[in-house]
Amino acid sequence: MKTKVSLKELVGTKIVYALLLFCYYWMWARRDWHDYYMSIQYAVAGFTILFLLMQVDRIRKYSKETKDEMAIQNLRRADAICLKIMIVVAVVIAFAGAIAVFDGIMSGYALVGTILVLSIIRFLIFCIMDSKGV
């Protein structure tokens, strides 16, 4: 890959990280077992290692390139919006756990699901802001 690494690409890969986190949580928190689960675990672990090795190279290339200051500002704005959303959702999950609506495993699924959804929202907000030049 000789193309330049964009900040949009790096923000988009955070969705894959969140998806991997969700998969690993599913592997840790499940209560049943089927024979094909081992194949899924090996596939996820292999993909994780391959993906992280590819990302090391992309991040190294990005660190050597000139930075787009407007894109960095837009990313900071998107992060601020997502932080506010995460705080509200975390409080709702905590109260749901306190009044026994969620048990521990469901709270975990709610948290990793929120991280996955927020990574997608963050990417969308960043793309919209970056395309409009806000």
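Presented here is a report on the structure given in the accompanying data block. (Residues numbered from 1 in each chain as written. Predicted model: local features only at pLDDT ≥ 70, side-chain atom pairs only at ≥ 80, totals over all residues. Heavy atoms only, no water.)

**Some thoughts on the pattern of salt bridges**
Consideration 1: Per the stated rule, a full pass over the model turns up 5 salt bridges.
Consideration 2: D103 serves as the salt-bridge partner of R31, at 3.5 Å between the closest nitrogen and oxygen. Of this pair, R31 sits in the loop between α1 (7-29) and α2 (37-64) while D103 sits in the loop between α3 (69-98) and α4 (104-132), and the two are 72 residues apart along the sequence.
Consideration 3: Given a relative accessible area of 68%, R31 falls into the exposed group.
Consideration 4: According to the relative accessible area criterion, D103 is partly exposed, its value standing at 35%.
Consideration 5: Here R122 and D79 are joined by a salt bridge, their closest N and O atoms 2.5 Å apart. Of this pair, R122 sits in helix α4 while D79 sits in helix α3, and the two are 43 residues apart along the sequence. (Salt bridge = Lys/Arg side-chain N within 4 Å of Asp/Glu carboxyl O. Helix = DSSP H or I, 4+ residues; strand = E, 2+ residues; numbered from the N terminus. Buried < 20%, exposed > 50% of the residue type's maximum accessible area, 1.4 Å probe, protein only.)

**Focus: the nonpolar core**
Across soluble globular proteins, nonpolar side chains have a tendency to be buried as a group.
Consideration 1: Of all hydrophobic cores here, the largest spans 12 residues; its members are V5, L7, L10, V11, Y62, A71, I72, L75, A78, I125, F126 and M129.
Consideration 2: Among the elements of the structure, α1, α3 and α4 are those that each provide at least two residues to this core.
Consideration 3: Looking at this core element by element, the count peaks at 4 residues for α3.
Consideration 4: Aside from chain neighbours lying at most four places away, what touches V11 is L75, R122, F123 and F126. (Core = buried A, V, L, I, M, F, W, Y, C linked by side-chain atoms within 4.5 Å. Contact = heavy atoms within 4.5 Å.)

**A word on the environment of I93**
Consideration 1: On the secondary structure map, I93 appears in helix α3.
Consideration 2: When the C-alpha atoms of I93 and L111 are compared, they prove to be 7.6 Å apart, with 18 residues separating the residues in sequence.
Consideration 3: Apart from residues lying up to four places away in sequence, I93 is in contact with F102, S107, A110, L111 and T114.

**Considerations on the packing of aromatic side chains**
Consideration 1: Scanning the model with the defined rule gives 8 aromatic pairs in all.
Consideration 2: Plain terms: the ring middles of F22 and Y109 are 6.0 Å apart, the flat faces sit at 55° to each other, and that makes the pair tilted. With a gap of 87 residues between them, F22 in helix α1 and Y109 in helix α4 connect regions that are remote in the sequence.
Consideration 3: Residue classification places F22 among the partly exposed positions, given a relative accessible area of 27%.
Consideration 4: Put simply, the rings of W26, W33, Y36 and Y37 touch in pairs and so form one group of aromatic residues.
Consideration 5: Taking NZ or CZ as reference, R30 lies 4.8 Å from the ring centre of W26, over its face.
Consideration 6: The ring of Y62 carries the charged tip of K67 above its face, separated from the ring centre by 4.8 Å. (Phe/Tyr/Trp six-rings, centres within 6.5 Å; stacked < 30°, edge-to-face > 60°. Lys NZ or Arg CZ within 6 Å of the ring centre and 35° of its normal.)

**What about α3?**
Consideration 1: For α3, built from 30 residues, the straight-helix expectation of 44 Å at 1.5 Å per residue is met to within 8% by its first-to-last C-alpha distance of 43 Å.
Consideration 2: Looking only at α3, the buried set comprises A71, I72, N74, L75, A78, C82, I93 and A96.
Consideration 3: The inward-facing, buried residues of α3 abut α1 and α4.
Consideration 4: Downstream of α3 by one or two residues, A100 has phi in the positive range, about 65°. (Expected span 1.5 Å × (residues − 1).)

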